[in-house]
Amino acid sequence: MTQAQTQTETKLYTFDEFIEWYPIDSEVRYELYDGVIVEMPKPRGKHSKLTGSLGGKLLTVIDKMGKTDIWFIPRESIVRPLRDKSGYEPDIIVLDEDTIGAETRWESESVIEKATSVKLIVEVVSTNWQDDYHDKRRDYEIMGIPEFWIVDYAAWGGREFIGYPKQSTVFVYQLVDGEYVKTTFRGNDVIVSPTFPDFNLTAQQVFDLAVKPGTAEA
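Residues numbered from 1 in each chain as written. Predicted model: local features only at pLDDT ≥ 70, side-chain atom pairs only at ≥ 80, totals over all residues. Heavy atoms only, no water.

## Concerning the overall build of the protein chain
To keep it simple, the criterion reads: Secondary structure elements are defined from DSSP: runs of H or I of at least 4 residues count as helices, runs of E of at least 2 residues count as strands, and each element is numbered from the N terminus. Here the radius of gyration uses the C-alpha set of atoms, whereas the globule reference equals 2.2 Å times the residue count to the power 0.38. Partly exposed residues are those whose accessible area sits between 20% and 50% of the maximum for their type, while under 20% is buried and over 50% is exposed, using a 1.4 Å probe and protein chains only. Throughout, a residue-residue contact means that at least one pair of heavy atoms, one from each residue, lies within 4.5 Å.
Counting its regular elements, the protein chain contains 7 helices and 10 strands. Scaling as 2.2 N^0.38, a compact globule of 218 residues should have a C-alpha radius of gyration of about 17 Å, and the protein chain matches this with 17 Å. By its C-alpha atoms, the protein chain is 50 × 40 × 35 Å across when sized along the principal axes. Taken across its 218 residues, the protein chain has 48% of its residues classed as buried. Pairs at least 24 residues apart make up 57% of the contacts formed inside the protein chain by residues separated by at least 6 positions.

Right, here's the structure in full:
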């Protein structure tokens, strides 16, 4: 039984209690779902490689856009949605230096509470795919995150989302009039990002980041 499971048997946590509980310098990631602290699978192997490589590609695009001094990808952060008993640590989050000063908890706790601080959130899907497709998509939309990607490179998601036979898929969600509009990319489809117009990789090139060195160029 994990420490997180032991902790959650006796009470439900608010976001603030979760942050206070979170072990300092923990090598394990935790997230909060409706008051329950959940130990997250540690990114390993292909998942870890794709996440790191995709972050690097985004940084290259940020440089091409002349935004290097303004937009950045932190090593870690925790997003607080509007619901008090949830908190998520995105695989990739692009933050805005111009607006992050309004975040009163950023410097001391790496907590993001305002959608205006965020340019993009990316979740790379693993076995707990329901979290990305349901909880996080809903909460990022309600919070007002302007752009959200789901990268399902191993086709973990349900048939409702990625079809049958299941296909590796990238979903780009753009906030329009307070609601997400979804665009689907597979195979040789070039990913179209409203925030990163210079991002010119295909969906397959993104998936290849998990397994092949030097196959994709932004």
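Having seen the structure, we can now continue with the description.
## Some remarks on the pattern of salt bridges
Put simply, the rule is: Whenever a carboxyl oxygen of Asp or Glu lies within 4 Å of a side-chain nitrogen of Lys or Arg, that contact is scored as a salt bridge.
Enumeration over the complete set of coordinates arrives at 18 salt bridges. With a closest N to O distance of 3.6 Å, Lys-136 and Asp-132 form a salt bridge. Here the residue Lys-136 and the residue Asp-132 both occupy positions in helix H5 (residues 129-143), the gap between them amounting to 4 residues, near one helical turn. Note on Lys-136: relative accessible area 3%, which makes it buried. Taking the relative accessible area as the measure of exposure, Asp-132 reaches 2% and is therefore buried.

## Looking at the pairing of strand S8 (residues 147-152)
In plain terms, the rule: Strands pair, by our definition, only if DSSP identifies at least two bridges between them. Place the viewer so that the strands point away; then a crossover is right-handed whenever the path from the first strand over the helix to the second strand goes clockwise.
Along S8, 6 of the 6 residues are buried, which leaves the element largely enclosed by surrounding structure. Neither face of S8 is exposed, since Glu-147, Trp-149 and Val-151 on one face and Phe-148, Ile-150 and Asp-152 on the opposite face are all buried. Here strand S7 (residues 118-124) pairs with S8 via 4 bridges, running parallel. Within S8, the residue paired with Ile-121 across the bridge is Phe-148. Crossover S7 to S8 through H5 is right-handed.

## Focus: unusual backbone geometry
Residues apart from glycine generally show negative phi values, whereas peptide bonds are mostly found in trans. The residue after Tyr-164, namely Pro-165, is reached through a cis peptide bond having omega 0°. Within the secondary structure layout, Pro-165 lies in the loop between helix H6 (159-162) and strand S9 (169-176). The phi angle at Asp-34 is positive, at roughly 50°, despite the residue not being glycine. Relative to the helices and strands, Asp-34 is located in the loop between strand S1 (30-33) and strand S2 (36-39). Judged by relative accessible area, Asp-34 falls into the partly exposed class, the value being 42%. Here the phi dihedral of Ala-155 falls at roughly 55°; this positive angle occurs in a residue that is not glycine.

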